[in-house]
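Descriptive structure summary
Listed below are the residues making up each chain.
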Amino acid sequence: MSAFDELDPTTRTELEAAAFRRLLQHLDDNKDVQNIDLMILADFCRNCLSKWLVSAAEARDENLNYEEAREYVYGMPYSEWKELYQPPATPEQMAAWEAHHAKKKAAKQG
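Read on for an overview of the structure. (Residues numbered from 1 in each chain as written. Predicted model: local features only at pLDDT ≥ 70, side-chain atom pairs only at ≥ 80, totals over all residues. Heavy atoms only, no water.)

Regarding the overall build of the protein
This is how it is decided: Strands here mean DSSP runs of E at least two residues long; helices mean DSSP runs of H or I at least four residues long; both are numbered from the N terminus. It is over C-alpha atoms that the radius of gyration is taken, and the globule rule equals 2.2 Å times the number of residues to the power 0.38. A 1.4 Å probe rolled over the protein chains alone gives each residue an accessible area, and that area as a share of the maximum for its type sets the label: buried under 20%, exposed over 50%, partly exposed in between. Contact criterion: two residues are considered in contact whenever any of their non-hydrogen atoms come within 4.5 Å of each other.
On a plain count of helices and strands, the protein comes out with six helices and zero strands. N-terminal to C-terminal, the α/β element order of the protein is α-α-α-α-α-α. The C-alpha radius of gyration of the protein comes to 17 Å, more than 25% above the 13 Å expected for a compact globule of 110 residues. With the C-alpha coordinates aligned to their principal axes, the bounding extent of the protein is approximately 50 × 40 × 25 Å. By the burial criterion, 25% of the 110 residues in the protein qualify as buried. The long-range fraction of contacts in the protein, counting pairs at least 24 apart against all pairs at least 6 apart in sequence, stands at 45%.

Structural notes on the layout of surface pockets
Note the threshold: Two kinds of site are reported from a 1 Å grid over the protein atoms alone, namely cavities, where a 1.4 Å probe fits but cannot get out, and pockets, open sets with protein on both sides within 12 Å along at least five of seven lines, and residues are called lining when an atom falls within 4 Å of a point. Grid points are joined across faces, edges and corners, and a volume is the space filled by probe spheres set on the points. In this count, Pro and Cys sit with the nonpolar residues alongside Ala, Val, Leu, Ile, Met, Phe, Trp and Tyr, while Asp, Glu, Lys and Arg are called charged and the others, Gly among them, polar.
Taken as a whole, the largest pocket holds about 240 Å³ of empty space. Around the largest pocket, the lining residues are T13, A17, F20, R21, L49, W52, L53, A56 and Y72. When contributions to the lining of the largest pocket are tallied by element, the ones reaching two or more residues are α1 (9-29) and α3 (46-59). Classifying every residue of the lining of the largest pocket gives seven nonpolar, one polar and one charged. Approximately 150 Å³ is the volume found for the second largest pocket.

Here we look at the pattern of salt bridges
Test applied: For this analysis, a salt bridge means a side-chain nitrogen from Lys or Arg found within 4 Å of a carboxyl oxygen belonging to Asp or Glu.
Throughout the structure, instances matching the rule amount to five salt bridges. Linking D28 and K31 is a salt bridge whose minimum nitrogen-to-oxygen distance equals 2.9 Å. D28 sits in the partly exposed class, given a relative accessible area of 29%. Three or more residues joined by partner-sharing salt bridges are found here, namely D5, R12 and E16.

Regarding empty space enclosed by the protein
Per the counting criterion, the structure on display carries one cavity of 30 Å³ or more. As for the largest cavity, its lining consists of L24, L27, D28, R46, V73, Y74 and W81. When residues of the lining of the largest cavity are traced back to their parent elements, those giving at least two are α1 and α4 (66-74). If one sorts the elements of the lining of the largest cavity by residue count, α1 sits on top with three residues.

A look at helix α2 (residues 35-42)
Looking only at α2, the buried set comprises N35, I36, L38, M39 and I40. The inward-facing, buried residues of α2 contact α1, α3, α4, α5 (78-85) and α6 (91-109). Directly beyond the C-terminal end of α2, a positive phi value near 65° is found at D43.

What follows is the structure, given as structure tokens:
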């Protein structure tokens, strides 16, 4: 058992929340890292974080819709962020995404 597992539940939750907020700040500080790049490398992106927040809220019977969650994750309305920081995916990014997706699909079947 790790020291982290031995923390009281409140402290553990507070540390996890602080790490999540730091992840959001890191993503905000690195807007040049595109969602498609995150998906290719880590199989998650800012939109995934938004969906996970909505799921967590639903599990607690809280009301949080996807657009509200995205505004929290992106620090602004998604449409604004997309216009300011998200260029269209390049052919190379799309090819890498397709290769990643195919590899993932093959692993599920194998």
